[in-house]
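Architecture and fold: a report
Next come the chains, spelled out residue by residue.
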Number of protein chains: 2
Amino acid sequence: MTAVNRRIVLDHRPDGIPGAQHFRRDDQPLPELADGQFLVRNHYLSIDPAQRGWISAGPGYTEPVAPGAVMRSLAVGVVTATRNAKYAVGDHLYGWFGWQDFCAATEAQVIARVDTGQGSASAGAGLYGICGVTAWLALTELGRPRAGETVLVSTAAGAVGSVVGQLARRLGCRVVGLTGSDEKVRQCLAEFGYHAALNYRSGLDTAALRTLCPQGVDIFFDNTAGEIADAVWPHLNLRGRIIQCGTAAVGSWDPLPVAPRRERAVLTKRLRHEGFIIFDHLERFPAVIAQLSRWQREGTLVFHEDIVTGLDAAPDALTSIFRGENRGKKMVRISNGTRAL
Amino acid sequence: MTAVNRRIVLDHRPDGIPGAQHFRRDDQPLPELADGQFLVRNHYLSIDPAQRGWISAGPGYTEPVAPGAVMRSLAVGVVTATRNAKYAVGDHLYGWFGWQDFCAATEAQVIARVDTGQGSASAGAGLYGICGVTAWLALTELGRPRAGETVLVSTAAGAVGSVVGQLARRLGCRVVGLTGSDEKVRQCLAEFGYHAALNYRSGLDTAALRTLCPQGVDIFFDNTAGEIADAVWPHLNLRGRIIQCGTAAVGSWDPLPVAPRRERAVLTKRLRHEGFIIFDHLERFPAVIAQLSRWQREGTLVFHEDIVTGLDAAPDALTSIFRGENRGKKMVRISNGTRAL
């Protein structure tokens, strides 16, 4: 075991998209375990668009990470020492372990146990982490899709969107994707179950959306907000549902940007616009993971991971997802002297 | 029976708030009854803010009234001739009978039978019409209030808002009203069950809203949209519900006005913003009317009617509610040669 815990801490808050300059290394000795704690050695860091919100002082759903503190991150790791009867050495866990080699964790930091029998432990931070579980719960509980309805997904080829596409198709919906490159459009059509897809950079006007969604949009699974959302809203059908799962296309919320006023559409079309945060639903993880795992084993659910190596790659990995460069769920494999799980 | 049917038709569409100049009289002979029809003699016309939407070419939830057609209106009337076994002469009905003396109606135009045993038939177009039923259903089904929550109502002293205030208090909520005059503020506090109320014209800033809603807002019953809504949204609590029941404060929706972008608030606070149109819920009228009627008989539910007389008063009555001049549910009593019911 190394005697040093490499850590990446927040240096200062970004104004918009975070970059490497907002973080710095701050290595420390290995933490001592208090009673009830256990030591997790991180193997995969989950890189998520939500991390931008976690370091922003603007409106968020959690206390922002303080400058000088370890960057908040979900991760998959293995228990290497324990003072907690519930977690044994060798257990693989998914939880809040941060951008560091080792985390002295408490029970409250654990989201799920990771079953390594089904392949790489990285899936615990991917399909069986917040991405897959978000896709299923947000789509079904907020969207309540019915067969034959049209589901439109922004960031359609992303780590969440790619699963939404496949699940909505499985539920009998017509599934339409918006994504940021022609390559991703092809991927949406070939791999992720979309009936139609468009590179929004090629123009997202009324005619394009009418062609994509001739029956209008019943469920808008929105990961972007911004101009993409503004283009989609006029195409919502009566009793449309807008699932707000992210706001990746808006660079800054301070000051609050403006948008077309929505109240008349909400009223006259009886829309329902709701926000979804996966961390409200932690108790649902085991059942949803079991279902997703069955589908993946059947070969009817694909999921891409885009893994870079080395703790120091984490800040740029985060930036890269806002540049739309990732090709699947972005993760960082930590090469901390152990073999990859 | 008069041989002439006085009618007020739409002359041309208004750009914003409708006025007398947008309507004209177009009297016609009494209509002949086809098989299945029955003749309704109107007694009370219901004047509703929604009528602005019904004559607008902008986005709405129904086909707009065509120029030259009788102005669409809910009304209470009595059957004076019938070729329909379901409706007998003397029956009192609430339905789509228009701005006219007589309507040759079909079953589809009837919303509810009016029980004249409980007082004036005008209540059939008031508390027991769309106002009272909207207040109950929108508050309970979209708002799902829990005791102790804060409910904020815009147009708090209006025909819908005044009922929402009383019902929310009955359900154990803290109820806060926004209204347009000091007199209405007093009425909110003295009669409509509000714990606190504010004349929004006196300033609706953050400090004022914090004082009114020290625990924030759990349910925003919004009848106005516009600047009032923009002031309220930042005070919404986690899992707040916004019931969009009207958009009275926005003069025109073409072109679409702008507003502060809502997606980040919807996401991070897990808000639910939904539209409510009473005409989706016609099957609920009998049960809700029975409940409201029990409370009114007990003396625990008050409702004000603001009645003007004469068919020709209808256009200005409609304008007056957008000036905020009504003192309760606006109606027009038609003096068409009969005694008032």
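Quick word on the overall build of chain A
Tallying secondary structure elements over chain A gives 9 helices and 18 strands in all. Here the C-alpha radius of gyration of chain A, 20 Å, is about what a compact globule of 341 residues would show, namely 20 Å. Judged by the C-alpha coordinates and their principal axes, chain A covers about 60 × 45 × 35 Å. Here the analysis covers contacts within chain A between residues at least 6 apart in sequence; of these, 66% occur between residues at least 24 apart.

Some details on the interface of chain A and chain B
Contacts between the two partners involve 30 residues from chain A, matched on the other side by 30 residues from chain B. Those elements giving two or more residues to the side of chain A that touches chain B turn out to be β15 (258-260), α7 (263-268) and β16 (272-275) of chain A. Per-element tally for the side of chain A that touches chain B: the top contributor is α7(A), with 6 residues. For the side of chain A that touches chain B, a count of residues per class yields 15 nonpolar, 6 polar and 9 charged. Of the strand pairs in this sheet, β16(A) and strand β16 (residues 272-275) of chain B are connected by 3 bridges, and their pairing is antiparallel. Residue His273(A) lies in a different strand from β16(B), and its bridge partner there is His273(B).

Here we look at the sheet that holds strand β14 (residues 236-244) of chain A
Spatially, β12(A)-β11(A)-β10(A)-β13(A)-β14(A)-β16(A)-β16(B)-β14(B)-β13(B)-β10(B)-β11(B)-β12(B) is the arrangement adopted by the 12 strands of the open sheet, whose pairing is mixed. Two strands in the sheet have a free side with no partner beyond their single neighbour: β12 (196-199) of chain A together with β12 (196-199) of chain B. Here the strands of the sheet are splayed against their neighbours by 15° on average, with no regard to which way each runs. With 3 bridges joining them, strand β10 (residues 150-154) of chain B and strand β13 (residues 217-222) of chain B adopt parallel strand pairing. Across the sheet, Val151(B) pairs through a bridge with Ile219(B), a residue of β13(B). Sheet strands in contact with helix α2 (residues 130-143) of chain A are β13 (217-222), β14 and β16 of chain A, and its direction is about 145° off that of β14(A). Sitting on the sheet, helix α2 (residues 130-143) of chain B is in contact with β13, β14 (236-244) and β16 of chain B, with an inclination near 145° to β14(B).

Section: the relation of the copies chain A and chain B
Expressed as a screw operation, the relation of chain A to chain B combines 0.0 Å of axial shift with a rotation of 180°, fitting to an RMSD of 0.0 Å. Seen this way, the second copy is the image of the first under a two-fold rotation axis. A symmetric contact is evident, with 100% of the interface residues of chain A recurring at the interface of chain B.

Some words on α2(B)
Residue and element names in this part refer to chain B. Of all the 14 residues making up α2, 11 are buried; the element is thus mostly covered by neighbouring parts of the structure. Along α2, the residues classified as buried are Ile 130, Cys 131, Gly 132, Val 133, Thr 134, Ala 135, Trp 136, Ala 138, Leu 139, Leu 142 and Gly 143. Remark: Arg 144 follows α2 within two positions and exhibits a positive phi of approximately 45°.

Considering the domain arrangement of chain A
Residue and element names in this part refer to chain A. The assigned domain composition of chain A is domain 1 (4-126 + 303-333) and domain 2 (130-279). Centre-to-centre, using C-alpha coordinates, domain 1 lies 28 Å away from domain 2. Tallying the contact residues gives 16 residues for domain 1 and 13 residues for domain 2. Split by residue class, the side of domain 1 that touches domain 2 holds 7 nonpolar, 6 polar and 3 charged.

Thoughts on the packing of α2(B) against helix α8 (residues 285-298) of chain B
Residue and element names in this part refer to chain B. The N-to-C vectors of α2 and α8 enclose an angle of 95°; their axes lie 10 Å apart at closest approach. The angle between the axes of α2 and α8 places the two elements in the roughly perpendicular class. Only Phe 285, Val 288, Ile 289 and Leu 292 of α8 make contact with α2, whose side of the interface consists of Gly 132, Val 133, Trp 136 and Leu 137. For the contact of α2 with α8, a count of residues per class yields 7 nonpolar, 1 polar and no charged.

With respect to unusual backbone geometry
Residues and elements named next belong to chain A. In this structure, Pro 255 follows Asp 254 across a cis peptide bond, with omega equal to 5°. Following the sequence through the fold, Pro 255 ends up in the loop between β14 and β15. Not every positive phi belongs to a glycine, and Arg 144 is a case in point at roughly 45°. When the 12 C-beta atoms within 10 Å are taken as the criterion, Arg 144 is described as exposed. Unusually for a residue other than glycine, Ala 225 sits at a positive phi of about 60°. Note that Ala 225 resides in the loop between β13 and α6 (226-232). Looking at Ala 225, the number of C-beta atoms within 10 Å reads 24, which means it is buried.

Things to note about helix α9 (residues 314-322) of chain A
Residue and element names in this part refer to chain A. Of the residues making up α9, those classed as buried are Ala 314, Pro 315, Ala 317, Leu 318 and Ile 321. Down the axis of α9, the sector holding all buried residues measures 165°, keeping them to one side. Buried positions along α9 lie against β2 (8-10), β3 (23-25), β5 (38-46), α1 (50-54), β17 (305-309) and β18 (329-333).

Here's the deal with the confidence of the model for chain A
On average, residues of chain A score 94 in pLDDT, and 97% of them are at 70 or above. Both scores are available for the predicted complex, with the pTM at 0.93 and the ipTM at 0.92.

Some words on the pairing of strand β18 (residues 329-333) of chain B
Residue and element names in this part refer to chain B. Of all the 5 residues making up β18, 5 are buried; the element is thus mostly covered by neighbouring parts of the structure. Burial along β18 is two-sided: the residues Lys 329, Met 331 and Arg 333 and Lys 330 and Val 332 are all buried. Bridge count for strand β5 (residues 38-46) against β18 is 3 bridges, and the pairing is antiparallel. Its bridge partner being in β18, Ser 46 is matched across the sheet by Met 331. A crossover links strand β17 (residues 305-309) with its parallel partner β18, the connecting element being helix α9 (residues 314-322), and its sense is right-handed.

Thoughts on the environment of Val185(B)
Relative to the helices and strands, Val185(B) is located in helix α4 (residues 182-190). Once the C-alpha coordinates of Val185(B) and Ala157(B) are considered, the two residues, 28 residues apart in sequence, prove to be 7.7 Å apart.

A word on the environment of Gly95(B)
All names here are of chain B. Along the chain, the position of Gly 95 falls in strand β7 (residues 92-96). Accessibility expressed as a C-beta count within 10 Å gives 23 for Gly 95, which makes it buried. Measuring from C-alpha to C-alpha, the distance between Gly 95 and Asp 230 comes to 35 Å, with 135 residues separating the pair along the chain.

Some remarks on the environment of Val160(A)
All names here are of chain A. Assignment of secondary structure puts Val 160 in the loop between β10 (150-154) and α3 (161-170). The exposure class assigned to Val 160 is buried, which follows from the 26 C-beta atoms found within 10 Å. For Val 160 and Ala 121, which are 39 residues apart along the polypeptide, the C-alpha to C-alpha distance reads 18 Å. Excluding residues that lie within four positions of it along the chain, Val 160 makes contacts with Cys 131, Thr 134, Ala 135, Asn 223 and Cys 245.

Criteria and thresholds
- Residues numbered from 1 in each chain as written.
- Chains lettered and ligands numbered in written order.
- Predicted model: local features only at pLDDT ≥ 70, side-chain atom pairs only at ≥ 80, totals over all residues.
- Helix = DSSP H or I, 4+ residues; strand = E, 2+ residues; numbered from the N terminus.
- Rg over C-alpha atoms; globule rule 2.2 N^0.38 Å.
- Contact = placed C-beta atoms within 7 Å.
- Nonpolar A, V, L, I, M, F, W, Y, C, P; charged D, E, K, R; others polar.
- Pairing = 2+ DSSP bridges.
- Axes fitted to C-alpha atoms, helices over the stretch in contact; angles between N-to-C directions.
- Least-squares fit on C-alpha atoms with pLDDT ≥ 70 in both.
- Buried ≥ 20, exposed ≤ 12 C-beta atoms within 10 Å, placed from the backbone.
- Domains from an automatic or database assignment.
- Parallel < 35°, antiparallel > 145°, perpendicular 65-115°, else oblique.
- Arc of directions from axis to C-beta.
- pLDDT = per-residue confidence, 0-100.
- Right-handed = clockwise from strand over helix to strand, strands pointing away.

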